[in-house]
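Summary of the model geometry
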Amino acid sequence: MSAAILSWSTLIAALMLAAAIGCAAVRLLRGPRAQDRVLALDTLYLLAATLLLVFGIRTGSTHYFEATLLITLLGFVSTAALSRFLMRGEVIE
Amino acid sequence: MTRWLPHPLVAASLLGLWLLLVESLSPGSILLGAALAVAGSRALAALTPPTARLRRFSTVPGLLLDVAVEVVRSNNAVARIILGAAGTRIRQSGFAFIPLDMHSPYGLAALACILTATPGTVVVDYDAAGNVMLLHVLDLVDEETWVRIVKDKWEQRLMDIFE
Amino acid sequence: MTHAADLPLWIALPVALLLLLGAALALTGAIGLLRLGSFYERVHAPTLASTLGIGCVLLASMLFFSVLGSRLVLHEVLIAAFVVLTTPVTLMLLTRAALHRDRREGSEEVPPATASHVERK
C-alpha cells in the first residue's frame, strides 16, 4: 500500500516539476530581455535540484544529495556571475 | 582567544556544516572539521569584515518562527495571485520607498534577505546616503502600508538584535 | 519501489502529501514566471519554488530517509540552508542589475535614483 502511494506521488510530483521546468524553459527562450533569461535559468537550477530530490525518494538512494548540493551551489555562483555581467558588461561605454 | 580564533560563531557554524556534510560524529571528522573551521574563520578575519555585535540573542528563534509563518502566508497569497483567484479587485504591483532607521550592515542584510525570501516582496535597491530601501511589491495596496509593515514587523526587532 | 514496501502507512501519507504540495508550489511559481507581465513581477514567482516548494520536498525526503534508515537524516538541512541563504542574494543581485540597466536606458517603468522621498530627508 505505501509502496503504491509513494510510487504514484513521486511520479505525479516528477511530472509537475517537469512541467515547471518546461515553463521556465519557455521563458528562457522567449526572454524578452537578458534579465528574464537569467531569472529563468536560476529557476531552472532550483527546479532541477527539487526534481533530483524527488528522484532520490523514488529510488530510495541517497546518492542524489551530492548532485542536489552541487546544483544549488552552481546555480548560486552562475546567477551571481551573470548578474554582475549584466551590470557591468555589454555596455557601449 | 580573539587572535587564535577570531570569529567563534562563524567557526562553530563551519564545523556544524562540515559535520552535516560528512554525516558522522567520528573523532576524525570532528578533528578535520575543527581544523577547517579555524582556518576558515582566520581567512575571514583577513578580510576584516565590519564588526557585528549580537545583542538580545534570545529573540532570534521567535523572529525565525515569524519569518517561517510569514513565508507560508505569503506563499499562499502569491499562489492565489498567479493562479488568478485573488478576487475581482484589480491587483497592482509597484515600487515602494522604505525610509529606514537601521544602520548596522548585518541588520540591513538580514532585513533584505527576509524581505526577498518572502514571496511577494523583493528588495531592489538600497541607497546608503539617504538610508532608503527600494522595494518591489507584487500586490501593492499603498506605499504607506508597506512602510509600516516593514518598520513595525521586521526593522524594530532586527534593531533590537543588531544595534 | 520495493524498498518502500515496508514503510508504515502513517509515514507514507505525509511524505506523499508534502511531495505533491512542494511540486505544486514549484509548478505555480513556474507558471507565474510565464504569466506575469513585467520583469519586476516575474522576480516574485521563483520565490514560491525556493521557499515552500523545495522546503516541502526536503521535509518529505528527511522524513522518508529517517524512517527508512531508522536513523535521523539531517543532510537535507544543509541543502535547505544553502537555498535559503543563496536565493535571496541572487534575486537581489539580479533585480539590482535589471534596475541598473533600465535606469541607464531611461525606462519609464522604474523610479529614478533620486526620488522625492530621498530629497525630502
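Residues numbered from 1 in each chain as written. Chains lettered and ligands numbered in written order. Predicted model: local features only at pLDDT ≥ 70, side-chain atom pairs only at ≥ 80, totals over all residues. Heavy atoms only, no water.

Bringing the nonpolar core into the picture now. Ranked by internal contacts, the top residues of the largest apolar core, which has 70 residues, are Leu 47 of chain A together with Leu 19 of chain C. Once you skip the residues sitting within four places of it in the chain, Leu 47 of chain A turns out to touch Leu 17, Ala 20, Ile 21 and Ala 24 of chain A together with Ala 26, Ala 30 and Ala 49 of chain C. Counting 26 residues, the second largest nonpolar core, distinct from the first, contains Leu 108, Ile 114, Met 133 and Trp 154 of chain B. (Core = buried A, V, L, I, M, F, W, Y, C linked by side-chain atoms within 4.5 Å. Buried < 20%, exposed > 50% of the residue type's maximum accessible area, 1.4 Å probe, protein only. Contact = heavy atoms within 4.5 Å.)

If you walk through the whole model with that rule in mind, you get 10 salt bridges over all chains. Among the ionic pairs, Asp 101 of chain B bridges to Lys 151 of chain B, the shortest N-O distance being 3.3 Å. Separated by 50 residues along the polypeptide, Asp 101 of chain B in the loop between strand S1 (94–99) and helix H4 (105–117) and Lys 151 of chain B in helix H5 (residues 143–162) bring together distant segments of the chain. Relative accessible area serves as the criterion here: at 45%, Asp 101 of chain B is assigned to the partly exposed category. For Asp 125 of chain B, the salt bridge identified is with Arg 103 of chain C, shortest N-O distance 3.3 Å. You can see Asp 125 of chain B sitting in strand S2 (residues 121–127) and its partner Arg 103 of chain C sitting in helix H4 (residues 75–104), one on each of two chains. (Salt bridge = Lys/Arg side-chain N within 4 Å of Asp/Glu carboxyl O. Helix = DSSP H or I, 4+ residues; strand = E, 2+ residues; numbered from the N terminus.)

The next point concerns the packing of aromatic side chains. By the definition in use, this model includes five aromatic pairs over all chains. On the basis of an interplanar angle of 50 degrees and a centroid distance of 6.4 Å, the ring pair of Phe 55 of chain A and Tyr 64 of chain A is categorised as tilted. Residue class for Phe 55 of chain A comes out partly exposed when judged on its relative accessible area of 33%. The class for Tyr 64 of chain A is partly exposed, based on a relative accessible area of 27%. An aromatic cluster is defined as three or more aromatic residues linked by ring pairs; in this entry it consists of Phe 65 of chain A together with Phe 64 and Phe 65 of chain C. (Phe/Tyr/Trp six-rings, centres within 6.5 Å; stacked < 30°, edge-to-face > 60°.)

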